[in-house]
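Residue strings, one per chain:
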Amino acid sequence: MNIRLRRKAREQSSKLNSYPHQCQLYKLPPVEDISLEEFERLAVDRLKLLRDVESAGIKYKRGSGEYNSLLKKASKHMELHREDTTKSLTELYEERRRDHLSHFILRLAYCQSEDLKRWFIAQELDLFRYRLDDLSMAELDSFMKLSDLHYNQISDKEKKAKRSSLEASTFKSTKESIDETTYFKIHFTEALDLVRGRKVYIEMGYAYVPHQELVSIIQGVFRLSLSRHLAITARSLPTLDEDDRLMPMLNNLSHYYVGENYTKQSANRVTPEQVDHLSRESFPLCMRQLHQALRDNHHLKHFGRLQYGLFLKGIGMTLEDALRFWRTEFVKTMDGEKFEKGYSYNIRHSYGKEGKRANYTPYSCLKIIMSNAPGPGDYHGCPFKHTDPDLLRQRLRAYKLQKSAIEEVMELVKGQHYQLACVKYFELTHKVSDPFFLLNHPNQYYDESRRVLKGDDASVKTQKMDLDDTPTQTTFDESETFSDIRDDSLMEMDESSITDEPELCIQ
Ligand code: SF4
């Protein structure tokens, strides 16, 4: 019995040898076989983690208490424990393996364009930095040894000789702290962040970096290695082209929605007669714009109809009401027969009553922002991203926003934080404020608006980052999986050429 236990312990610890530290530089790709299902789950979990990292970085200063709290909460999507916890060796191995695999899966998805690469590198770097900052000095030393990062420590004699320079240049250094600190002599090109921040002493091309600032150097090493490996991955991607299971998944990961599922129609019925009023009160700007265009032109082009029609379905418009709603507008410029032939089929299709009878889900903000940019005569898209800033300013003015409020929104637009600009617009128009409110979906905007306007105390709570909450379990919508992305049944929905795909939804 004892022999068996000892053997098992030996096996577990040898497995963990493949991941000797909770932090990794991800230099070697994984070589094991995994199921498609696990591939999907790992991709989604890491995506959730990175999206939360991004939100934390936009809302708070990196390294601040609030930022670290948000990242601690986000880390639950992909936990990594140290060895001195109650976790067994098998559990530690499994955590590190998940971290390793999921990083490489997203590499495949995010190496495909410059924008995607930039986003991925930024979030991975922030996550890496947070994890390094959380290490003790001993753990950091061990990580450096295991990662072949060998930096030359300066001798006590050299430190003594340079004491006054080190005191004068090292951030917040004191005489005592200089004595206690270990300094490393590193070529200045490897310490550019510290040089730029004037945090280190430089002599003859070498920066004298205190032990606690080594994290910046290691971060630089990781940045370089990651961007190089992303370029290599991109070059090898065409070999996957023939795999009709992986490529559709990878192509859609970039705008993959990971929030609440709005496929299920709201129980509160919305009738065509209510829409004018609701659009002014509770529609996000994207949907208000589409509604206004429909009323003005009595027509919307294909992507506008898809974006708006699925939104209306999600907020509680029945199929009969939808047919009546679209018909009422369209027959102002065409006869009823043309509408029946050209449009009513598509509406029934989006409600799952025609074709493959799929229950299509309303579009998320990411999907709206990232795909199908509107062209001339189009009204779909996200106004914060796709509308000319001067025009957007004008529109906000027409919606009675104060000048200073408009500038607050525009500042976020300028920084390309479109969803945050939308949150700001929500807060300003609803007179609420919640630092943890994250907006991912136009239907979420609508639901929150109705809650606030009805005076519900639980307002602005969807996606609220309660720091004590346990994370929501990732569950796949039974009716749709990644492989459904390839379904081209929506091709039936347009009178011209439709290249759009139904969006996946994970609750
Ligand atoms: S951020 Fe989302 S909800 Fe807001 S306008 Fe853009 S797409 Fe619509």
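Residues numbered from 1 in each chain as written. Predicted model: local features only at pLDDT ≥ 70, side-chain atom pairs only at ≥ 80, totals over all residues. Heavy atoms only, no water.

## Things to note about unusual backbone geometry
A positive phi is found at Tyr26, a non-glycine position, where the angle reads about 50°. Residue placement: Tyr26 occurs in the loop between helix H1 (2-16) and helix H2 (36-59). A positive phi angle, near 55°, is found at His298, a position not held by glycine. Mapped onto the elements of the fold, His298 is located in the loop between helix H14 (285-297) and helix H15 (302-315). (Helix = DSSP H or I, 4+ residues; strand = E, 2+ residues; numbered from the N terminus.)

## Overview of the pattern of salt bridges
Tallied over the entire structure, the rule returns 35 salt bridges. Between Arg96 and Glu83 there is a salt bridge, with its nearest N and O atoms 3.5 Å apart. In this pair, Arg96 sits in helix H4 (residues 89-110) while Glu83 sits in the loop between helix H3 (65-74) and H4, placing the two residues 13 residues apart along the sequence. Taking relative accessible area as the criterion, Arg96 reaches 0% and is therefore assigned buried. Residue Arg196 is joined to Asp193 by a salt bridge in which the shortest nitrogen-to-oxygen separation is 3.0 Å. Pair noted here: Arg196 and Asp193 are both in helix H10 (residues 192-196), with a separation of three residues, about one helical turn. Given a relative accessible area of 62%, Arg196 falls into the exposed group. Relative accessible area serves as the criterion here: at 30%, Asp193 is assigned to the partly exposed category. Here the residues in one salt-bridge network are Glu32, Glu38, Glu94 and Arg97, joined through shared partners. (Salt bridge = Lys/Arg side-chain N within 4 Å of Asp/Glu carboxyl O. Buried < 20%, exposed > 50% of the residue type's maximum accessible area, 1.4 Å probe, protein only.)

## What about the packing of H2 against helix H5 (residues 114-133)?
At a minimum axis distance of 9 Å, the contact between H2 and H5 shows a crossing angle of 85°. Taken together, the axes of H2 and H5 lie roughly perpendicular to each other. Contact residues: Arg46, Leu47, Leu49, Leu50, Arg51, Val53 and Glu54 in H2; Trp119, Phe120, Gln123, Glu124, Asp126, Leu127 and Arg131 in H5. Split into classes, the residues belonging to the contact of H2 with H5 amount to seven nonpolar, one polar and six charged. (Axes fitted to C-alpha atoms, helices over the stretch in contact; angles between N-to-C directions. Parallel < 35°, antiparallel > 145°, perpendicular 65-115°, else oblique. Contact = heavy atoms within 4.5 Å. Nonpolar A, V, L, I, M, F, W, Y, C, P; charged D, E, K, R; others polar.)

## What about the environment of Val215?
Looking at the element boundaries, Val215 is found in helix H11 (residues 214-236). Between the alpha carbons of Val215 and Leu132 there is a distance of 6.6 Å; along the sequence they are 83 residues apart. Those residues within four positions of Val215 in sequence are excluded, and the remaining contacts are Arg129, Leu132, Asp133 and Leu140.

## Overview of the packing of aromatic side chains
What characterises a pair of aromatic rings is the spacing of the ring centres plus the angle enclosed by the ring planes. Inspection of the entire model under this criterion finds 21 aromatic pairs. Taking the centre distance of 5.6 Å and the plane angle of 35° together, the rings of Tyr201 and Tyr208 count as tilted. Judged by its relative accessible area of 17%, Tyr201 falls in the buried class. Aromatic side chains Phe283 and Tyr308 sit 6.3 Å apart centroid to centroid with 75° between the ring planes, which places their arrangement in the edge-to-face category. You can see Phe283 sitting in the loop between helix H13 (272-282) and H14 and its partner Tyr308 sitting in helix H15, a full 25 residues away along the chain. Summarising the burial analysis for this pair, Phe283 and Tyr308 share the class buried. (Phe/Tyr/Trp six-rings, centres within 6.5 Å; stacked < 30°, edge-to-face > 60°.)

## Looking at empty space enclosed by the protein
Across all of its chains, the model carries five cavities of 30 Å³ or more by this definition. One number sums up the size of the largest cavity: a volume of about 180 Å³. Lining of the largest cavity is provided by 17 residues; of these, Arg305, Leu306, Asn346, Ile347 and Ser350 occupy positions nearest its centre. Mapped by element, the contributors of at least two residues to the lining of the largest cavity are H15, helix H16 (319-330) and helix H17 (336-350). In terms of residue class, the lining of the largest cavity is built from eleven nonpolar, four polar and two charged. Counted as a void, the second largest cavity has a volume near 120 Å³. What lines the second largest cavity is a set of 14 residues, among which Cys286, Cys365, Cys382, Cys422 and Pro442 lie closest to the centre. Elements with a contribution of two residues or more to the lining of the second largest cavity: H14, helix H18 (365-370), helix H19 (383-386) and helix H22 (418-430). (1 Å grid on protein atoms, 1.4 Å probe; cavity = no way out; pocket = protein on both sides within 12 Å on 5 of 7 lines; lining within 4 Å. Points joined across faces, edges and corners; volume = space filled by probe spheres on them.)

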